Amino acid sequence: MSGYIFQFGAVWANLPLLLIGAVHTVLFSAAALVVGLTVGIGLALMRGARGATPRLLAGAYVEFIRNTPLLIQLFIVFFGLPSAGIRLNPDQAAALALVLNFSAYSAEIVRAGVEAVPRGQIEAADALGMTRWEVLRHVVLLPAIEQVYPALVSQLTLLMLGSAVVSAIGADELTSAANYIQSQTFRSFEVYLVTTAIYIGLTVLFRAGLGQVARLAFPRRRTLGLSFVTR
């Protein structure tokens, strides 16, 4: 680094591209949260089902995703699906791969929360005449998600940071924008230093936003003064 002269002018001139990429990164992460968590809850319930078939199917899916790299999953979606007649543009493929990845990890996190719900609470709800849907929603899922919420936030944060790999297929996101600016300006250190700062800012804002969501969704946790996110 001796004699190196920092020149951030080219980076500031292209800052709008980085900010647009950051917005796309947040949108990819939001899609993974909403769709992936919904699928993950379904998988968690399948893994706890009485029938062997749903347990095996959900288990095979979760183990496949958790034991393969996100980059390989991305390549399967983007390069493999066209062989089956399903063609996706880079952004669609990136969103789908992130959703599939987060759904598997969230399934295991939610399953741990469901299994931690005391059996006595479920029996008490049945004794009160609650329907199966009411028991599932109010007695099982809500308390389970409340307990594992910090783990879900941590996993989603890791996925947001790991979403940088989607630049490998040309999807529009923060790292892809940084790579483009670097190829035009040849100021690698400055570009990636600013990109790192943006990722840190996104992480802080993301966790703060999810913390606010938890404060609205889980008032009991707020009353007890429990943490909403893993620090």
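Quick look at the structure, then. (Residues numbered from 1 in each chain as written. Predicted model: local features only at pLDDT ≥ 70, side-chain atom pairs only at ≥ 80, totals over all residues. Heavy atoms only, no water.)

Here the focus is the overall build of the protein chain. Across its full length, the protein chain holds 10 helices and zero strands. Along the chain direction, N to C, the helices and strands of the protein chain fall in the order α-α-α-α-α-α-α-α-α-α. Expressed along its principal axes, the backbone C-alpha trace of the protein chain runs to roughly 75 × 50 × 25 Å. Every one of the 231 residues in the protein chain was classed for burial, and the buried ones make up 39%. Partitioning the intrachain contacts of the protein chain with sequence separation of at least 6 by distance along the chain shows that 72% fall at a separation of at least 24. (Helix = DSSP H or I, 4+ residues; strand = E, 2+ residues; numbered from the N terminus. Buried < 20%, exposed > 50% of the residue type's maximum accessible area, 1.4 Å probe, protein only. Contact = heavy atoms within 4.5 Å.)

A few words on the pattern of salt bridges. Two side chains carrying opposite charge are able to pair once their charged atoms lie near each other. Inspection of every chain in the model, using the stated rule, returns six salt bridges. Note that Arg 111 and Glu 108 form a salt bridge whose closest N and O atoms lie 3.0 Å from each other. Here the residue Arg 111 and the residue Glu 108 both occupy positions in helix α5 (residues 90-115), the gap between them amounting to three residues, near one helical turn. Overall, Arg 111 belongs to the partly exposed group, its relative accessible area being 22%. For Glu 108, a relative accessible area of 17% puts it in the buried group. When salt bridges with common partners are traced through the structure, they connect Arg 47, Glu 63, Arg 66, Glu 108, Arg 111 and Glu 115 into a single cluster. (Salt bridge = Lys/Arg side-chain N within 4 Å of Asp/Glu carboxyl O.)

What characterises a pair of aromatic rings is the spacing of the ring centres plus the angle enclosed by the ring planes. Evaluated as defined, the whole model comprises six aromatic pairs. Aromatic pair Phe 6 and Phe 189: ring centres 5.4 Å apart, planes at 35 degrees, arrangement tilted. Taken together, the residues Phe 6 in the segment before α1 (9-13) and Phe 189 in helix α9 (residues 188-217) connect sequence positions 183 residues apart. Accessibility expressed as a relative area gives 39% for Phe 6, which makes it partly exposed. Owing to a relative accessible area of 37%, Phe 189 belongs among the partly exposed residues under this scheme. For the pair Phe 78 and Phe 79, a centre-to-centre distance of 4.9 Å together with 75 degrees between the ring planes defines the contact as edge-to-face. Judged by its relative accessible area of 18%, Phe 78 falls in the buried class. Here the aromatic residues Phe 6, Phe 8, Trp 12 and Phe 189 are joined through ring pairs into a cluster of three or more. (Phe/Tyr/Trp six-rings, centres within 6.5 Å; stacked < 30°, edge-to-face > 60°.)

Glancing now at the side chain of Thr 157. The residue Thr 157 is located in helix α7 (residues 132-162) in this model. For Thr 157, the side chain forms a polar contact with the main-chain oxygen of Val 153, separated by 2.8 Å. Among residues more than four places away in sequence, those in contact with Thr 157 are Thr 203 and Arg 207. (Polar contact = N/O pair within 3.5 Å; in protein donor to acceptor, adjacent residues only side chain to side chain.)

This next bit is on the packing of helix α2 (residues 15-47) against α9. It is the contact of α2 with α9, at a shortest axis distance of 11 Å, that shows an interaxial angle of 40 degrees. Judged by the sense of rotation from one axis to the other, the crossing of α2 with α9 is right-handed. Across the interface between the two elements, Leu 18, Ala 22, Thr 25, Val 26, Ser 29 and Leu 33 from α2 touch Val 194, Thr 195, Ile 198, Leu 202, Phe 206 and Leu 210 from α9. Class assignment of the residues belonging to the contact of α2 with α9 gives a composition of nine nonpolar, three polar and no charged. (Axes fitted to C-alpha atoms, helices over the stretch in contact; angles between N-to-C directions. Left-handed = near helix turned anticlockwise from the far one by under 90°. Nonpolar A, V, L, I, M, F, W, Y, C, P; charged D, E, K, R; others polar.)

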